[in-house]
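Residues per chain are reported as follows:
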Amino acid sequence: MAKLKTRYVCQACGSEQHRWQGQCPDCAEWNTLVQEASGVTVFSAKHDLSSGGRAVELVGLDAVVALPDRMRTGIAEFDRAIGGGIVPGSAMLLGGDPGIGKSTLLLQVAAKLAASGREVVYVSGEEAADQVRLRAIRLGLGRAPVRLAAATSVRDILTTVSQGEPPALLVIDSIQTMHSDLIEGAPGTVSQVRASAQELVRFAKDRGTAVVLVGHVTKDGTIAGPRVLEHMVDTVLGFEGERSHQYRILRAAKNRFGGTDEIGVFAMEGGGLVEVPNPSALFLTQRGEPVSGTSVFPALEGTRPVLVEIQALVVRLASGATPRRAAVGWDGGRLAMVLAVLEARCGISFATAEVYLNVAGGYRLSDPAADLAVAAALVSALSERPVPQEAVVMGEIALSGEVRPVAHAGLRLKESNKLGFDRAWVPAGTEGAGGISLSRFGKLKELVDQILGR
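Nothing here was measured: the structure is a model prediction, and the numbers come from that model.

### Regarding the packing of aromatic side chains
Thought 1: For the structure on display, the rule yields 2 aromatic pairs.
Thought 2: Judged by centre distance (6.2 Å) and plane angle (70°), the ring pair of Phe239 and Phe266 falls under edge-to-face. With Phe239 in strand 9 (residues 235-240) and Phe266 in strand 11 (residues 263-269), the pair connects residues that are 27 residues apart, well separated along the chain.
Thought 3: Geometrically, the ring pair formed by Trp425 and Phe441 is edge-to-face, given 5.9 Å between the ring centres and 75° between the ring planes. Here Trp425 is found in strand 20 (residues 423-427), whereas its partner Phe441 is found in strand 21 (residues 437-441), with 16 residues between them in sequence.
Thought 4: Owing to a relative accessible area of 2%, Trp425 belongs among the buried residues under this scheme.

Below, the structure is given as structure tokens:
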């Protein structure tokens, strides 16, 4: 029998140490090393692996391979985010903050697939079957032919679903509650999460069942457990949104069967998650008269334009006070850059004023094309001169003060015109689209002059 060795595994990053330490030397987290026992590895035993196995079949890249037939769930926003539907035999990992709606979303997906005639199994390791059934009744899905189970043993789950025809979809809620009897340790430890996920992914590949794993997240929003868990699955989905806001965004961080640039937008209502075909309605404020310090920016998520409102507030301070800079929904470092360019290239100083920037509706922007809209909102707030309500603003600002062109400007302009905007402030060289009138700016100073009426 192989001699057992003692090792200490970090529960945050999965690194292994030979002795216990208060702080993990790899990820610098405290009190995350847990003792585990392991047998002699093939490397420590110096086994020769060059013989004794079976030869595997090697094929060329030019082999004819048919595209996988996707299972459309009937929820268009979910299908959009994952690339058009669920691929049979794939493994997906869904993460999100507690209470964001992960279980609700998957229960709706399971009910839709089951209602279309496919066999669906929903296994909950955190709730009893009656609790899941009560949620389904509240969502109006009580008659959906979904088979429920409350279990945490991977062996019991795979034994059950292996009897007869395998299901088309298997939902595991959540992977942190599962345990394998082949591994020592409590559920949720790195070794248990890794072993349980490995068995479930292997079942998906062997039997053609699509498996969806729900994963917990840490306080900084990343999926808890070892990063190898994200490498094992085919698709990693993140369910985002503020619990205080109505909207939710489903975004793919990894997708072996499609792109990662599409999003699905949902709204949480009393009857569950509802699709939002026009997300711009969530992020635009309806008002009757122009307000200083606001601008509208046509963001782009994959192939979908989303119009969001950028709000700025500038508060003048008494002499000698230290001004504060705060940004919600946008990078604070980029805000500092825009303020520096406004002062160095346009002669507008915010040194004696506090600056607050907010993206309405809790939306998060990372598109550099929002620079010009942010600058317009800041200058408007400082001068108390509103940006025209019927105008959208987009453009990237260089450190030299030049306004750089943006990607997919035509798509953004068409969507803006469709939502009632007939003017656009854009970089020089932008071609018109959608019947919208353009005001082109080659330098940031030209935009400042336009707002100030110089």
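### What to know about the sheet that holds strand 20
Thought 1: Taken together, the 3 strands give an open sheet; going across it, the order is 17-20-21, and neighbouring strands pair in parallel fashion. Every other strand in the sheet has two partners, leaving strand 17 (391-393) and strand 21 as the edge strands with one partner each. Between one strand axis and the next, the sheet turns by 25° as a mean value, whatever way the strands run.
Thought 2: Relative to strand 20, strand 17 runs parallel, the two sharing 3 bridges. From the neighbouring strand, Val392 faces strand 20, where its bridge partner is Ala424.

### Thoughts on helix 3 (residues 129-138)
Thought 1: Three or more residues of helix 3 are buried, namely Val132, Arg135 and Ala136. Along helix 3, the residues classed as buried sweep out an arc of 100° about the axis, all on the same side. Residues of helix 3 that are exposed and point over 90 degrees away from its buried face: Asp130, Leu134 and Ile137.
Thought 2: Those residues of helix 3 hidden inside the fold are in contact with helix 2 (102-115), strand 5 (120-124) and strand 6 (147-150).
Thought 3: Immediately beyond the C-terminal end of helix 3, within one or two residues, lies Gly140, with a positive phi of roughly 80°.

### A short note on the nonpolar core
Thought 1: In terms of nonpolar packing, the biggest core is built from 68 residues, with Phe297, Leu365, Leu378 and Leu444 touching the most fellow members.
Thought 2: No other element matches the 10 residues that helix 9 (residues 371-383) contributes to this core.
Thought 3: Judged by nonpolar contacts, the second largest core, of 34 residues, contains Val120, Ala136, Ala168 and Leu169.

### What to know about the UniProt feature "domain: RecA family profile" (unreviewed entry) in the protein
Thought 1: Mapped onto this structure's residue numbering, the UniProt feature "domain: RecA family profile" (unreviewed entry) falls at residues 67-217.
Thought 2: Across residues 67-217 one finds 38% helix and 17% strand; the C-alpha atoms that close the span lie 33 Å apart.

### A look at helix 2
Thought 1: Over its 14 residues, helix 2 runs 20 Å from end to end, which matches the ideal 20 Å to within 8%, given 1.5 Å per residue.
Thought 2: Within helix 2, 12 of the 14 residues are buried, which leaves the element mostly enclosed by the surrounding structure.
Thought 3: Just downstream of helix 2, Gly117 is the residue with a positive phi angle, here 105°.

### Focus on the pairing of strand 13 (residues 294-301)
Thought 1: Most of strand 13 is tucked away, with 8 of its 8 residues classed as buried.
Thought 2: Across 8 bridges, strand 13 lies against strand 14 (residues 304-316) in antiparallel orientation. Along strand 14, the bridge assignment pairs Ser295 with Ile310.
Thought 3: The turn linking strand 13 back onto strand 14 is made up of 2 residues, and Gly302 within it adopts a positive phi angle of 70°.

### Some thoughts on unusual backbone geometry
Thought 1: Here the bond from Asp173 into Ser174 is cis, since omega is 5°, no more than 30 degrees from zero.
Thought 2: Its place among the elements puts Ser174 in the loop between strand 7 (169-173) and helix 5 (190-207).
Thought 3: Unlike most non-glycine residues, His408 shows phi in positive territory, near 55°.
Thought 4: Counting through the fold element by element, His408 comes out in the loop between strand 19 (403-404) and helix 10 (409-418).

### Notes on the sheet that holds strand 5
Thought 1: Pairing is mixed across the open sheet formed by 9 strands, whose spatial order is 6-5-7-8-4-9-10-11-12. The outermost strands of the open sheet, each flanked by one partner alone, are strand 6 and strand 12 (272-275). Put simply, the sheet's adjacent strands are angled 25° from each other on average, direction ignored.
Thought 2: Of the strand pairs in this sheet, strand 5 and strand 6 are connected by 4 bridges, and their pairing is parallel. Among the inter-strand pairings, Tyr122 is bridged to a residue of strand 6, identified as Leu148.
Thought 3: Contacting strand 4 (91-96), strand 5, strand 7, strand 8 (210-215), strand 9, strand 10 (247-255), strand 11 and strand 12, helix 2 runs over the sheet at an angle of about 155° to strand 5.
Thought 4: Docked against the sheet, helix 5 engages strand 4, strand 7 and strand 8, running at close to 160° with respect to strand 8.

### A look at the environment of Asp206
Thought 1: Mapped onto the elements, Asp206 comes out in helix 5.
Thought 2: Look at Asp206 and you get exposed, because its relative accessible area is 57%.
Thought 3: The spatial distance from the C-alpha of Asp206 to the C-alpha of Val228 is 20 Å, given a sequence separation of 22 residues.

About the cut-offs
- Residues numbered from 1 in each chain as written.
- Predicted model: local features only at pLDDT ≥ 70, side-chain atom pairs only at ≥ 80, totals over all residues.
- Heavy atoms only, no water.
- Phe/Tyr/Trp six-rings, centres within 6.5 Å; stacked < 30°, edge-to-face > 60°.
- Helix = DSSP H or I, 4+ residues; strand = E, 2+ residues; numbered from the N terminus.
- Buried < 20%, exposed > 50% of the residue type's maximum accessible area, 1.4 Å probe, protein only.
- Pairing = 2+ DSSP bridges.
- Axes fitted to C-alpha atoms, helices over the stretch in contact; angles between N-to-C directions.
- Arc of directions from axis to C-beta.
- Contact = heavy atoms within 4.5 Å.
- Core = buried A, V, L, I, M, F, W, Y, C linked by side-chain atoms within 4.5 Å.
- UniProt positions renumbered as here; feature names shortened; annotations may be inferred.
- Expected span 1.5 Å × (residues − 1).

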